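# Fold and contact review
Below are the chains, spelled out letter by letter.
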Amino acid sequence: MFQKSRLHGEFFMQGDIACAEGALAAGCRFFGGYPITPASEIAERMAYRLPLLQGVFIQYEDEIASMAGILGASWAGVKSMTATSGPGISLMTENIGLGMMMEAPCVVVNVQRGGPSTGLPTSWAQSDMMQARWGSHGDYGSISLVPNSPQEFFDLTVTAFNFSEKYRLPVFIMADALVGHMTEKVVIPPVEELEIINRKYTNKKTEDYLPYDYGKDLIPDFAKAGDGYRYHTTGLTHDKRGYPDMTFECQNELVPRLVNKIKNHIDDISLTEEYDIEGADVIVISYGITSRTVLPAITMAKKKGIKVGYLRLKTVWPFPEEKIRKLSEKVAGFVVPEMNLGQISLEVERCAHNDSIVKLVPHPGGAIHKFEDVLHAIEEVAHGK
Amino acid sequence: MSELRVKISGFGGQGIILSAFILGKAASIYDQQHSSMTQAYGPEARGGACSSQVVISSDNVEYPLVDTADVLIAMSQEGYDTFLPILKKGGILLYDIDLVEKLQCHKDIIAKGIPATRLAEELGKKIVANIVMLGFAAKQAKIVSPKAMQEAIADSVPRKFTELNMRAFQAGYDYNKEQE
Amino acid sequence: MANNTAQLQEKTHPMEDLLRMDRMPHIWCSGCGLGSAVTAFVEGLKKAGVSYDKTAIVSGIGCTGRVAGYVRLDSYHTTHGRAIPFATGLKLANRDLTVFVFSGDGDLFAIGGNHLIHAARRNVDINVICVNNFIYGMTGGQNAPTTPLGAYSSTAPFGNYEMPFNLVGIAAASGASYVARWTTMHARRLTDSIATAANKKGFCFIEIVSPCATVFARKNGGGTGLDLLKEFQTRSIIDHEADPTQIPLTMDNEIVCGEFVNEDSPTFWENVQAGIKSQLEKFSNWEEMQSNSRKIPHKTIRKYTSSRDS
């Protein structure tokens, strides 16, 4: 009976549910969470599905516990996930930092809603993008994937698990309430057709194993609890043995490695889609649901004869710095519509060539961009303003 | 690329969300088109009002919201009043004639009424009014093929009510105003 | 002479198999009760006969939080207050592990208090050892949720005016399967309790009343570590029948020790399994229930492209 419980086929499926199915397809067998709109459907689906796959579902007492719990499960060698929205992420951030420091593979889903604070529980925004990058204190590299449809919510959840396993860190999926609550066709391939990456376990003998030793790729091999390695791991700055070491030398080896293990692999991690980039005067850069809602404006601009290209970021963090820099040498400028008051546009500004214009089309969330606003911004950039 | 934008509105409890789900599923799974369904956003979510929307397209749905509708299904006066302005010229309005009584000027649109709730009551269960309406919509607005709609209905309702729902669909599909 | 040195070097610590000797000396002050607590823990594990390879220890932050770093097991030094939910995840994801949480009163009952009562309520199969020294030691003697009324701390310069928690009372009231309290002076009984907990299913809670000579005693006139142990000796009584909710600790009352709760009730995981089993026939037609899927032959699935084709 349990074997039958894997889904594949075509479904008319809500985004949040597609996310849960993506996690299960990727091999997630532990979910710890706390109810919050608009992410609760993920937990509900997991509560229903995980027991049938002999996995563990636990509704914790809060988001702090949920995040700590999935780290614990990760150390038992089980792929784990939590799903929440902005206020929950705010509570999770300390333990997200612990996950970064301990290098625990797991996935954190943020179905973004309007903020700050309780904000707009049932409506959407993209205003947690910087929080995903810088939310927890200290320096660390991080990965954030942004889906724009239920299908992609499924696909990128699988990818998020793969990245988390490969690079050993909590990976964010930055969905939003519109994608989470939208129902569309979702194609779930048979599990054997999915590319699934699992963390690299050490093959060293117990006496030779150093839990935080690393090779060229800067990623330590994993050993799970109960394997007999009996090693220490801590949120303190630690040496290759995992022992606390409060020296500058140790900090200077560990923290840059946490940043560089992501930075050095940006070509693998950075997922983008480009259309009509060649010969474009203006490039619209968007991500998540905004990448769909601005399409009518792009069509209108094209009708007016403006050469508009379009770059969609499926991976927002690490930010494709080099790509933006190169593009900026060829175009008059960029238009960045996002459902916040300027977050990723700042990154575009940082990376773009000095002469190129970067125009933010802000939106506080709760509705979608007016076509005219986006069109107007495209026109302005096209005319060099 | 052809695209059809459908708004469905009514009260909570009428199965407004379910009918949008069935419609979307009929289009994307059984008619092999693409569809995107979103629900109850905006000020209309207040009180007992409820609405949902489906975009049906021959290609991937780019823009998932319904700002202007090709088809408006109104199962309440409030839904009718709120969403009639977004129905575009030449668009089709389908409404329950017992629940939407105060009609505005229907210039430039095609308006078709059906006593969906009353027909459902005659079938034995008021709850299937939404399915009656889907049958009516399949015929009058041709939003999806009747076969796809039937399959999607069978797929989405509890099995012991399949037959009732099929009769409800048929009642809506066969309804002809001139008969009244 | 040379011969003597060689003999000394060959001598190994009796607990070397469970302590990380390469991390000695530890950071704890002389006179601290943590050495005794760790000794009792190591002896307790030996006595319990559990596999060391299958035993994990999780700590939070604070003086006691450092225990995980010194014990040669799979050990996790987590964030402040969050050892219990971490341990819960670890245990549920690998039910073959014996999981201990070893942390202090501030970590487990102030910042982590909510997790403790919920883990006890769920009866998750983990063992929580709480070393209660009545104060925040590592950060310099601030008030704890256990600081007795009237006691001085660096954030209670006029004496503590907050009512303290009675830890065993909270654990018992929250549904723990096993609740005991000992002082660091009760080395043998504490060891036995730890061995019992290691082999007992359900949520086990052991409070270890421990001296803090450096901070608590200095502020409250308790003397040296040895003086404090003597005080424990005179003040403590053993009463297994005591109602754990009625034995709070003050500055000078009796320290009632004992095994107050030792029950067998279904654990979280047992309840999960029983719940699913009772519903199994509901799920026998699971595929049918997922009928929003239309079964389509494998090769006809079209690859979806999520963005527009321009």
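Check the entry above for the structure.
Now for a quick tour of the structure. This one's a predicted model, so the numbers in the text were calculated from it and none came from an experiment.

## Thoughts on the environment of Arg-5 of chain B
All names here are of chain B. In this fold, Arg-5 is placed in strand E1 (residues 3-11). Given a relative accessible area of 10%, Arg-5 falls into the buried group. Placed 60 residues apart in sequence, Arg-5 and Leu-65 show a C-alpha to C-alpha distance of 8.4 Å. Aside from chain neighbours lying at most four places away, what touches Arg-5 is Val-54, Val-55, Tyr-63, Pro-64, Leu-65, Val-66, Thr-68, Ala-69, Asp-70 and Val-71. For Arg-5, the side chain forms a polar contact with the side chain of Glu-3, separated by 2.9 Å.

## Focus: the packing of aromatic side chains
Taken as a whole, this structure holds 20 aromatic pairs over all chains when the rule is applied. An angle of 5° between the planes, with centres 5.9 Å apart, marks the rings of Phe-31 of chain A and Phe-57 of chain A as stacked. Of this pair, Phe-31 of chain A sits in strand E2 (residues 30-33) while Phe-57 of chain A sits in strand E3 (residues 56-59); the two residues are 26 residues apart in sequence, bridging distant segments of the chain. Phe-31 of chain A gets classed as buried once you look at its relative accessible area, which sits at 0%. With a centroid separation of 5.3 Å and 45° between ring planes, the pair formed by Trp-75 of chain A and Phe-222 of chain A is classed as tilted. Taken together, the residues span a long stretch of sequence, with Trp-75 of chain A in helix H3 (residues 63-75) and Phe-222 of chain A in the loop between strand E9 (183-188) and strand E10 (232-234) at a distance of 147 residues. Residues Trp-75 of chain A and Phe-222 of chain A agree in their burial class; the two are buried. Within the aromatic cluster, the residues linked to one another by ring pairs are Trp-75, Tyr-201 and Phe-222 of chain A together with Tyr-76 and Phe-86 of chain C. Above the plane of the ring of Phe-222 of chain A lies Arg-199 of chain A, whose end atom (NZ or CZ) is 4.7 Å from the centre. The residue whose ring lies beneath Arg-23 of chain C is Tyr-243 of chain A, and the NZ or CZ to ring-centre distance is 5.3 Å.

## A closer look at the sheet that holds strand E2 (residues 74-77) of chain C
Pairing in this open sheet of 9 strands is mixed, and the strands run E10(A)-E2(C)-E1(C)-E3(C)-E4(C)-E6(C)-E5(C)-E8(C)-E7(C) from one edge to the other. Taken across any chain shown, the strands that pair with only one partner, and hence form the sheet edges, are E10 of chain A together with strand E7 (236-238) of chain C. Going across the sheet, the axis of each strand differs from the next one's by a mean of 20°, ignoring polarity. For strand E5 (residues 178-183) of chain C and strand E8 (residues 255-262) of chain C, the ladder comprises 4 bridges, and the chain directions are antiparallel. Across the sheet, residue Ala-180 of chain C finds its bridge partner in E8 of chain C, namely Glu-259 of chain C. This element, helix H2 (residues 34-48) of chain C, spans strand E1 (55-59), strand E3 (98-104), strand E4 (127-132) and strand E6 (204-209) of chain C of the sheet and lies at about 170° to E3 of chain C.

## Quick notes on the pairing of strand E5 (residues 106-114) of chain A
All names here are of chain A. The element E5 is extensively covered by neighbouring structure, given that 9 of its 9 residues are classed as buried. Note that strand E4 (residues 80-84) and E5 share 4 bridges and pair parallel. Bridged to Met-81 within E5 is Val-107. Across 2 bridges, the pairing between E5 and strand E6 (residues 120-124) is antiparallel. By the bridge assignment for E6, Arg-113 is matched with Trp-124. What sits between the antiparallel neighbours E5 and E6 is a turn of 5 residues, in which Ser-117 has the positive phi angle 55°.

## Details of the interface of chain C and chain A
Opposite the 57 residues of chain C that make contact, chain A presents 71 residues. Between chain C and chain A lies a buried interface of about 5300 Å² when both sides are counted; carbon and sulfur atoms form 56% of it. Counting across the chain C and chain A interface gives 3 salt bridges. Note that Glu-61 of chain A and Arg-122 of chain C form a salt bridge whose closest N and O atoms lie 2.7 Å from each other. Counting across the interface, chain C meets chain A through 20 residue pairs in polar contact (both at pLDDT 80 or more). Elements with a contribution of two residues or more to the side of chain C that touches chain A: helix H3 (67-70), E2, helix H4 (83-93), helix H6 (113-122), helix H11 (268-278), helix H12 (286-289) and strand E9 (293-294) of chain C. In terms of residue count, the dominant contributor to the side of chain C that touches chain A is H4 of chain C (7 residues). Here E10 of chain A runs beside E2 of chain C; their pairing, made up of 3 bridges, is parallel. Residue pairing across strands places Thr-233 of chain A opposite Tyr-76 of chain C, the latter belonging to E2 of chain C.

## Concerning the interface of chain A and chain B
Counting residues at the interface gives 20 residues for chain A and 19 residues for chain B. Carbon and sulfur atoms make up 62% of the surface buried where chain A meets chain B, a total of about 1600 Å² over both sides. Contact with chain B buries surface across chain A, with Phe-12, Lys-185 and Arg-292 of chain A losing the most and accounting together for 38% of the total. Elements supplying a minimum of two residues to the side of chain A that touches chain B: strand E1 (9-14), E6, helix H7 (177-180), E9, helix H10 (290-293) and helix H11 (295-303) of chain A. It is E1 of chain A that provides the largest number of residues to the side of chain A that touches chain B, a total of 4 residues. Among the residues making up the side of chain A that touches chain B, the classes are represented as 11 nonpolar, 5 polar and 4 charged. Sheet topology places E9 of chain A next to strand E2 (residues 34-39) of chain B; 2 bridges connect them, and they run antiparallel. Looking at the pairing, Thr-183 of chain A lines up with Met-37 of chain B of E2 of chain B.

## Quick word on the nonpolar core
If you look at the biggest cluster of nonpolar residues, it comprises 148 residues, and the most contacted ones within it are Met-81 of chain A together with Phe-205 of chain C. Here the element with the most residues in this core is helix H6 (residues 150-167) of chain A; it accounts for 8 residues. Leaving out residues up to four positions away in the same chain, Phe-205 of chain C has contacts with Phe-109, Leu-116, Val-128, Cys-130, Leu-167, Val-168, Ala-171, Tyr-178, Val-179 and Ala-180 of chain C. Counting residues in each nonpolar core, the second largest holds 47 residues, with Ile-16, Leu-23, Met-133 and Leu-164 of chain B among its members.

Scoring rules and cut-offs
Residues numbered from 1 in each chain as written. Chains lettered and ligands numbered in written order. Predicted model: local features only at pLDDT ≥ 70, side-chain atom pairs only at ≥ 80, totals over all residues. Heavy atoms only, no water. Helix = DSSP H or I, 4+ residues; strand = E, 2+ residues; numbered from the N terminus. Buried < 20%, exposed > 50% of the residue type's maximum accessible area, 1.4 Å probe, protein only. Contact = heavy atoms within 4.5 Å. Polar contact = N/O pair within 3.5 Å; in protein donor to acceptor, adjacent residues only side chain to side chain. Phe/Tyr/Trp six-rings, centres within 6.5 Å; stacked < 30°, edge-to-face > 60°. Lys NZ or Arg CZ within 6 Å of the ring centre and 35° of its normal. Pairing = 2+ DSSP bridges. Axes fitted to C-alpha atoms, helices over the stretch in contact; angles between N-to-C directions. Buried area = accessible area lost by both parts, 1.4 Å probe. Salt bridge = Lys/Arg side-chain N within 4 Å of Asp/Glu carboxyl O. Nonpolar A, V, L, I, M, F, W, Y, C, P; charged D, E, K, R; others polar. Core = buried A, V, L, I, M, F, W, Y, C linked by side-chain atoms within 4.5 Å.

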